[in-house]
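Descriptive analysis of the structure
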Amino acid sequence: MAKNVGVMLSERVVTGLVVNNGLEGGLRYFPDEEGDEYALVEMPAEGIVEVLREQVKAVAAGQGDIAAVGVGVPGLVRNGVVEEAPNLPQLKGTRMAEMLGSALRSEGIAAPVTILNDADAFAAGIAATTGRLDAVVRVWTLGVGIGYGRYPATDGVWEGGHTVVTLDDKENYCGCGGRGHLEGIMGHRAMRLRFLDMEPEEVFEAAKSGDSRCGDFKKLWHKALAAATASSVHLRGPGKFYLAGFNVRFVDMAMLNEYLHQMVKMSPLQSYSIEIVKDAQETRVIGAGVSAHQTAAV
Ligand SMILES: [Zn+2]
């Protein structure tokens with residue numbers, strides 16, 4: 001049975017041994033519970049690669065041959081190079097697959113290294129843990145920003161959180177600076193910029209009790225997600241969409257489905273469905289390992 005190592009790089013480095021679409025043993029964290037949570041932010045790219053090497057080495061110890069190593073990174077990744085990483089800007093331009101691969105070889109670990117976007121790792125993890133490895137899986141993560149991940153891994157770019165969902169000139173709250181973007185409506189940061197006097201929780205609460213400004217925004221928020229999902233359906237076909245992230249608490253599934261139904265009218269495209277899924281690091285680590293294994297097997 002192939003053994004793979006899955007790694008997620010975010011505020012912490014989370015590493016696990018992935019065997020047969022699941023975790024074997026627990027997860028390793030760096031920094032650990034007592035560690036400085038900003039340790040990675042302050043570290044140069046070489047230092048981060050060094051941490052990855054140590055963590056992979058620790059997880060692989062005593063396991064025999066490792067088939068593949070997958071690392072999920074929050075940012076835009078292509079061909080093993082981190083092209084953009086807003087939360088860890090020092091990684092921009094880092095040839096991570098090459099650097100980590102050679103660092104691991106010096107430890108006697110010859111496994112090929114795959115670097116992937118963290119949301120794509122999440123999508124792969126959902127596919128692996130729900131028995132959908134033969135299907136297309138897409139996931140929206142509703143957090144400070146809006147992430148979009150898809151499985152299976154293919155070449156290209158899909159910054160789904162920046163899907164244009166409105167032509168209104170005043171819609172310019174997206175973290176990337178672009179106009180009319182999904183994240184500019186749904187992102188937590190964007191909502192706080194829009195409602196300077198209210199927290200997002202209060203906005204959705206007020207919408208319930210009939211406040212018309214907040215009620216209108218609640219509709220806009222759901223329409224935006226429906227629009228981006230409809231665009232994905234029209235470009236890639238129907239299928240299963242998952243929602244995760246701390247702001248799934250605002251989702252009114254009936255409202256979302258109603259808007260989506262209005263936006264997707266071609267009958268061969270209507271076999272889509274949306275489901276909320278738990279956002280767990282474990283799922284992402286599994287996805288990184290599984291995705292790396294599939295890439296290495298090609
Ligand atoms: Zn944007």
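Described in the following lines is the structure provided in the data block. Nothing here was measured: the structure is a model prediction, and the numbers come from that model. (Residues numbered from 1 in each chain as written. Predicted model: local features only at pLDDT ≥ 70, side-chain atom pairs only at ≥ 80, totals over all residues. Heavy atoms only, no water.)

Our focus in this paragraph is the overall build of the protein chain. From N to C terminus, the protein chain includes 9 helices and 11 strands. Compactness check: the protein chain gives a C-alpha radius of gyration of 20 Å against a globular reference of 19 Å for 298 residues, within 12% of the reference. Taken over the C-alpha atoms alone, the protein chain extends approximately 60 × 45 × 30 Å along its principal axes. Burial statistics for the protein chain: of 298 residues in total, 52% are counted as buried. Long-range contacts, defined as pairs at least 24 residues apart, comprise 61% of the intrachain contacts of the protein chain with a sequence gap of at least 6. (Helix = DSSP H or I, 4+ residues; strand = E, 2+ residues; numbered from the N terminus. Rg over C-alpha atoms; globule rule 2.2 N^0.38 Å. Buried < 20%, exposed > 50% of the residue type's maximum accessible area, 1.4 Å probe, protein only. Contact = heavy atoms within 4.5 Å.)

Attention now goes to the side chain of threonine 15. You can see threonine 15 is positioned in strand β2 (residues 13–19). On the basis of relative accessible area, threonine 15 is assigned to the buried category, the value being 0%. Ignoring sequence-local partners within four residues, the contact set of threonine 15 consists of Val5, Gly6, Val7, Gly26, Leu27, Arg28, Gln55, Val56, Val59 and Val285.

By size, the foremost hydrophobic cluster in this structure holds 36 residues, and its most contacted members are Trp140, Leu142, Met186, Phe217, Trp221 and Leu243. For this core, the secondary-structure elements that each account for two or more residues are β8 (137–142), β9 (146–151), α4 (182–186), α6 (200–208), α7 (212–236), β10 (240–244) and α8 (253–263). Examining the composition of this core, we find that 9 residues originate from one element, α7, more than from any other. Not counting chain neighbours up to four residues away, the residues in contact with phenylalanine 217 comprise Ile185, Met191, Arg194, Phe195, Val203 and Phe204. Core analysis: the second largest hydrophobic core is formed by 33 residues, Leu9, Leu40, Ile66 and Ala111 among them. (Core = buried A, V, L, I, M, F, W, Y, C linked by side-chain atoms within 4.5 Å.)

Coordination of the zinc ion by the protein involves His162 (ND1), Cys174 (SG), Cys176 (SG) and His181 (ND1), with metal-donor separations of 1.9 to 2.3 Å. Each of the 4 donor atoms bound to the zinc ion contributes to angles spanning 101 to 116°, and the resulting shape is tetrahedral. Motif for the zinc ion, donor spacing along one chain: H-x11-C-x1-C-x4-H. Residue cysteine 174 is classed as buried on the basis of its relative accessible area, which comes to 5%. The partly exposed category is assigned to cysteine 176, whose relative accessible area is 46%. (Donors = N, O, S within 2.8 Å, 3.2 Å for Na, K, Ca; no water. Tetrahedral: all angles 85-135°; square planar, octahedral: opposite > 155°, others 65-115°.)

Within the element layout of this structure, alanine 288 appears in helix α9 (residues 281–297). Residue classification places alanine 288 among the buried positions, given a relative accessible area of 0%. Put simply, alanine 288 and valine 5 are 283 residues apart on the chain and 7.9 Å apart in space, counted from C-alpha to C-alpha. Every residue in contact with alanine 288, bar those within four places of it in the chain, is listed here: Gly6, Val7, Gly70, Val71, Gly72, Leu116 and Ala121.

We now examine α6. Taken together, the buried positions of α6 are occupied by Pro200, Val203, Phe204, Ala206 and Ala207. End-on view of α6: buried residues confined to an arc of 160°, all on one side of the axis. Looking at the buried positions of α6, the neighbouring elements they touch are α5 (188–194) and α7. Following α6 by one or two positions, glycine 210 adopts a phi angle in the positive range, close to 90°. (Arc of directions from axis to C-beta.)

What follows is about helix α3 (residues 118–129). Look at α3: 16 Å from first C-alpha to last across 12 residues, which is about the 16 Å you get at 1.5 Å a residue. With respect to burial, α3 is a largely interior element, 11 of its 12 residues being buried. Residues of α3 that are buried include every one of Asp118, Ala119, Asp120, Ala121, Phe122, Ala123, Ala124, Gly125, Ile126, Ala127 and Ala128, and no others. Capping the start of α3, asparagine 117 holds a side-chain oxygen 2.8 Å from the backbone nitrogen of alanine 119, two or three residues further along. Glycine 131 sits one or two residues past α3 and shows a positive phi near 70°. (Expected span 1.5 Å × (residues − 1). Polar contact = N/O pair within 3.5 Å; in protein donor to acceptor, adjacent residues only side chain to side chain.)

Once that is clear, we can look at the sheet that holds strand β11 (residues 273–276). The strand order β9-β8-β10-β11 describes an open sheet built from 4 strands, whose pairing is mixed. Looking at the sheet topology across the chains shown, the edges are occupied by β9 and β11. Here the average twist between neighbouring strands, direction ignored, is 20°. In terms of strand pairing, β10 meets β11 through 4 bridges, oriented parallel. The residue of β11 that forms the bridge with leucine 243 is isoleucine 276. (Pairing = 2+ DSSP bridges. Axes fitted to C-alpha atoms, helices over the stretch in contact; angles between N-to-C directions.)

Now for the packing of helix α1 (residues 45–60) against helix α2 (residues 96–105). At a minimum axis distance of 10 Å, the contact between α1 and α2 shows a crossing angle of 50°. One way to sum up the angle between α1 and α2 is to call them oblique. The crossing of α1 and α2 is right-handed. Here α1 contributes Glu46, Val49, Leu52, Arg53 and Val56 to the contact with α2, which in turn contributes Met96, Met99, Leu100, Ala103 and Leu104. (Parallel < 35°, antiparallel > 145°, perpendicular 65-115°, else oblique. Left-handed = near helix turned anticlockwise from the far one by under 90°.)

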